[in-house]
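# Structure assessment
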Amino acid sequence: MFSWLDLRSINLINFLLVNLIITVVVLGGLLATIEKHLPTAIRQTFRYGKHALKGTPDRLVSLLEVPKAWFKHFYVFAAAWSLAGFACMAQAYVTGKPAPDFVIDFLDMMATNKRGVRTTPTETLIAMTLITMQCLRRFYETWFVQVFSSTMKINLSAYLVGYIHYFCTVAAILSQAEGFTRAGPLTQPANGYRFHPDVSLALAIGLFYYAWFHQYRSNVILANLRKDKTGKVISQKHSLPSGDYFELVSSPHMFFEIVMYVVLFGVLYRNTSMVYVLLWVVSNQVMNAWLTHQWYMENFPNYPKNRKALIPLVF
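Residues numbered from 1 in each chain as written. Predicted model: local features only at pLDDT ≥ 70, side-chain atom pairs only at ≥ 80, totals over all residues. Heavy atoms only, no water.

How we decide: UniProt positions are given in the numbering used here, feature names are shortened, and annotations may be inferred rather than shown by experiment.
By the naming in an unreviewed UniProt entry, the chain is Polyprenal reductase, taken from Anopheles sinensis. Under the Sequence similarities (unreviewed entry) heading, UniProt states for the chain: "Belongs to the steroid 5-alpha reductase family. Polyprenal reductase subfamily." Per UniProt, the chain carries the Catalytic activity (unreviewed entry) text "a di-trans,poly-cis-dolichal + NADP(+) = a di-trans,poly-cis-polyprenal + NADPH + H(+)".

Quick look at the structure:
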């Protein structure tokens, strides 16, 4: 019989992420190969935004849809959650003491109490700073830059996935960090946590910032398609973007999302949960970028042939 002890032996972070990966890969694969044979309910659940289902919707699935503008909600959560994680990390590393028991208890529940130390304070500090920067910028964009259509809907499951993603990412970063496990630390907290930056980490920070900045530029370009020169919203229709990396790919914002998580994985490569975070981001962005590229080609007959779906000059 399944028991609470069995549940405590499961890494819930990995479990949630693996289920997301399997879902998007399987459903994405079906959409890419046999979509016309799939039930309307499945197609409608997976498609949203500019590439939403065309035709008669499924009545039951429609009841489970919420405004796409609700994307803004989980960036409020992401900003608050990442700041909370950053604060816990900063308190531990500034004071030279392990994280409070309630934080370690929570991470034990999410990632089991058998987890060990796999990342250094330097790596954790960098990763938490970068993910917090990303969450705060996305909060700003969704509330003060982006223009959401008042008619577009998303499935409730897609809405909830946003919460799961940021919840798992922050928890994963801390779950195997020094000072956040019950295993012995790599250095003695009594002497304070030691930081050892190097050239490779500096390059990682630089690459992350490059992707972070160009993702912001991409989102500004998309938002400006619906605004006049004074910044007033004058339209909610989807138009053809141009400029910056839009000259190379249909979804540069998705490409740079992947680049940022590749960097995070590179910084925390010994953290066994980060590979699932990365695989989830890659699978989700690849599928959404492919659907977006197909939509552009279907709706703009003169769509530039040199533009790839996601990766410049490749895919």
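Following the structure, the description resumes.
## Quick look at the packing of aromatic side chains
Put simply, the rule is: For this analysis, a ring pair means two rings from Phe, Tyr or Trp (six-membered ring only for Trp) whose centres lie within 6.5 Å, classed as stacked if their planes differ by under 30 degrees, edge-to-face if by over 60, and tilted for the remaining angles. Strands here are runs of E lasting at least two residues and helices are runs of H or I lasting at least four, both read from the DSSP assignment and numbered beginning at the N terminus. The buried label applies to any residue whose accessible area, calculated with a 1.4 Å probe on protein chains only, is under 20% of its type's maximum; exposed applies above 50%, and partly exposed to all values in between. Look at NZ for Lys and CZ for Arg. If either is within 6 Å of the ring centre and within 35 degrees of the ring normal, a charge sits over the ring.
One pass over the full model with this rule turns up 27 aromatic pairs. Ring centres 6.4 Å apart and planes at 90° place the aromatic pair Tyr93 and Phe180 in the edge-to-face group. With Tyr93 in helix H5 (residues 71–95) and Phe180 in the loop between helix H8 (156–175) and helix H9 (199–224), this pair connects stretches of sequence that are 87 residues apart. Geometrically, the ring pair formed by Tyr209 and Phe213 is stacked, given 6.3 Å between the ring centres and 25° between the ring planes. Taken together, the residues span about one helical turn, with Tyr209 and Phe213 both in helix H9 at a distance of four residues. Judged by relative accessible area, Tyr209 falls into the partly exposed class, the value being 46%. Following the ring pairs from residue to residue traces out a cluster consisting of Trp70, Phe71, Phe74, Tyr75, Phe77, Trp81, Phe106, Tyr159, Tyr163, Tyr166 and Phe167. Seen from the ring of Trp143, Lys72 lies directly overhead, with NZ or CZ sitting 4.5 Å from the centre.

## Some thoughts on the nonpolar core
Among soluble globular proteins, nonpolar side chains are generally buried collectively. Counted only if it meets this: By convention a nonpolar core is built from buried Ala, Val, Leu, Ile, Met, Phe, Trp, Tyr and Cys residues, the set being connected through side-chain atoms within 4.5 Å. Working rule for contacts: check all heavy atoms of both residues, and any pair within 4.5 Å makes them a contact.
Formed by 70 residues in total, the largest nonpolar core has its most connected members in Ile13, Phe180, Tyr261 and Leu264. Breaking this core down by element, the ones donating at least two residues are helix H2 (12–34), H5, helix H6 (101–111), helix H7 (121–144), H8, H9, helix H10 (252–267) and helix H11 (274–299). A per-element tally of this core places H10 first, with 10 residues. Setting aside anything within four residues of it in sequence, one finds Leu264 in contact with Ala127, Leu130, Ile131, Phe208 and Met274.

## Side note on the UniProt feature "transmembrane region" (unreviewed entry) in the chain
Mapped onto the present numbering, the UniProt feature "transmembrane region" (unreviewed entry) falls at residues 12–34, 74–94, 156–174, 195–212 and 258–282. Counted over residues 74–94, helix gives 100% and strand 0%. Its end C-alpha atoms are 29 Å apart.

## What to know about the packing of H7 against H10
Quick note on the threshold: Note on geometry: axes are lines fitted to C-alpha atoms, helical ones only across the stretch in contact, with angles between N-to-C directions running from 0 to 180 degrees. Here roughly perpendicular refers to angles of 65 to 115 degrees, roughly parallel to angles under 35, roughly antiparallel to angles over 145, and oblique to all remaining angles. A crossing counts as left-handed when the near helix is turned anticlockwise from the far one by less than a right angle, and as right-handed when that turn is clockwise. Note on residue categories: nonpolar means Ala, Val, Leu, Ile, Met, Phe, Trp, Tyr, Cys or Pro, charged means Asp, Glu, Lys or Arg, and polar means any other residue, Gly included.
Put simply, H7 and H10 touch, their axes get as near as 9 Å, and they point 160° apart. On the basis of their axis angle, the class for H7 and H10 is roughly antiparallel. Seen along the crossing, H7 lies across H10 with a hand that is left-handed. Only Glu257, Met260, Tyr261, Val263, Leu264 and Val267 of H10 make contact with H7, whose side of the interface consists of Glu123, Ile126, Ala127, Leu130, Ile131 and Gln134. Its residues placed into classes, the contact of H7 with H10 shows nine nonpolar, one polar and two charged.

## A look at unusual backbone geometry
Excluding glycine, residues mostly carry a negative phi; peptide bonds, for their part, are mostly trans. We note that Asp244 has phi near 50°; this positive angle belongs to a residue other than glycine. You can see Asp244 is positioned in the loop between H9 and H10. Given the relative accessible area of 24%, Asp244 is considered partly exposed. We note that Leu313 has phi near 70°; this positive angle belongs to a residue other than glycine. With respect to the helices and strands, the residue Leu313 is situated in the segment after H11.

## Points about the pattern of salt bridges
Stated precisely, the cut-off is as follows: Any carboxyl oxygen of Asp or Glu within 4 Å of a side-chain nitrogen of Lys or Arg constitutes a salt bridge here.
Considering all chains together, one arrives at eight salt bridges under this definition. Note that Arg270 is salt-bridged to Glu123, the shortest N-O span being 2.7 Å. Here Glu123 lies in helix H7 and Arg270 lies in the loop between H10 and H11, a separation of 147 residues in the sequence. Judged by relative accessible area, which is 9%, Glu123 ranks as buried. A single network of salt bridges, built from pairs that share partners, joins Asp105, Asp108, Arg115 and Arg182.

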